[in-house]
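Tertiary structure, described
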Amino acid sequence: MDLKTEDDRSRPNILVTGTPGSGKTCTSALIAERCGFAHVNVTELVKAEELHDGMDEKWDSLILNDDKVCDHMEEMMGEGGNVVDFHTCGFFPERWFDLILVLRADNTVLFDRLTKRGYSPHKITENVQCEIMQVVLQEARDSYAAERVHELHSDSLEQMEANVERAVGWAGAWIAAKGEGGGGGDGGGGGAAAAPSPPGGV
Ligand code: ADP
Ligand code: MN
């Protein structure tokens, strides 16, 4: 397969990750809408395309098939212009993402959101523990270059709006820089566009 990297793309790919309930889907939908990008909700994709190995009864969740997910997404990721929304991120190829946003929510806020969602007490406790232990943030830091990973508070609508604004601004700057620096780059390095500064973190 022809594996495309960021050098081949004219638009960036953004990963929005975080514990379930942290606000990924709302935030991703807004970023995608304002940038004209695709919102790739991986949970929905896994269900719709059956990119799993059945149900894990104990956890009441689907058993993800990483290889199927990556194979399915390869082509669209090569094109760029995707906002990928998923609660785990270590299995995606590093070359896919130009910006990784890790949404964080306060424990009590997360507890309330997951309760409203009708999660079992077991699943709520598991997810709140996961948030306290910064599992997703650590996974993102272990999987991607430090300068691409940004931790963002997502407790309030004001924070969500600020996070969306920053991501949209960053995407516009990335596209502009790519346009200026693009053309004929054959790996010489001299003409490559410098990546714009990413959005400020917390
Ligand atoms: P995730 O996709 O990470 O599981 P969602 O985007 O579905 O999270 O958000 C979970 C719930 O929390 C939704 O009801 C949403 O409206 C609410 N929510 C998400 N982010 C925020 C935020 N920053 N401020 C207030 N409410 C939020
Ligand atoms: Mn979601």
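This part takes up the sheet that holds strand S6 (residues 99–104). Pairing within the open sheet is parallel, and its 5 strands lie in the order S2-S5-S1-S6-S7. The open sheet has two free edges, formed respectively by strand S2 (38–41) and strand S7 (149–153), since each of these has just one partner strand. This sheet shows a mean twist of 20° between the axes of neighbouring strands, independent of strand direction. With 4 bridges joining them, strand S1 (residues 13–18) and strand S5 (residues 82–85) adopt parallel strand pairing. Bridge pairing in S5 links Leu 15 to Val 84. Taken strand by strand, helix H2 (residues 42–49) contacts S2 and S5, and its axis lies near 70° from that of S2.

Moving on, we come to the site of ligand 1. Around ligand 1, a shell composed of 15 residues is seen, among which Gly 23, Lys 24, Thr 25, Cys 26 and Met 160 lie nearest. Those elements giving two or more residues to the shell around ligand 1 turn out to be helix H1 (24–35) and helix H7 (157–181).

Calculation criteria
Residues numbered from 1 in each chain as written. Chains lettered and ligands numbered in written order. Predicted model: local features only at pLDDT ≥ 70, side-chain atom pairs only at ≥ 80, totals over all residues. Pairing = 2+ DSSP bridges. Helix = DSSP H or I, 4+ residues; strand = E, 2+ residues; numbered from the N terminus. Axes fitted to C-alpha atoms, helices over the stretch in contact; angles between N-to-C directions. Contact = placed C-beta atoms within 7 Å. Near = placed C-beta within 6 Å.

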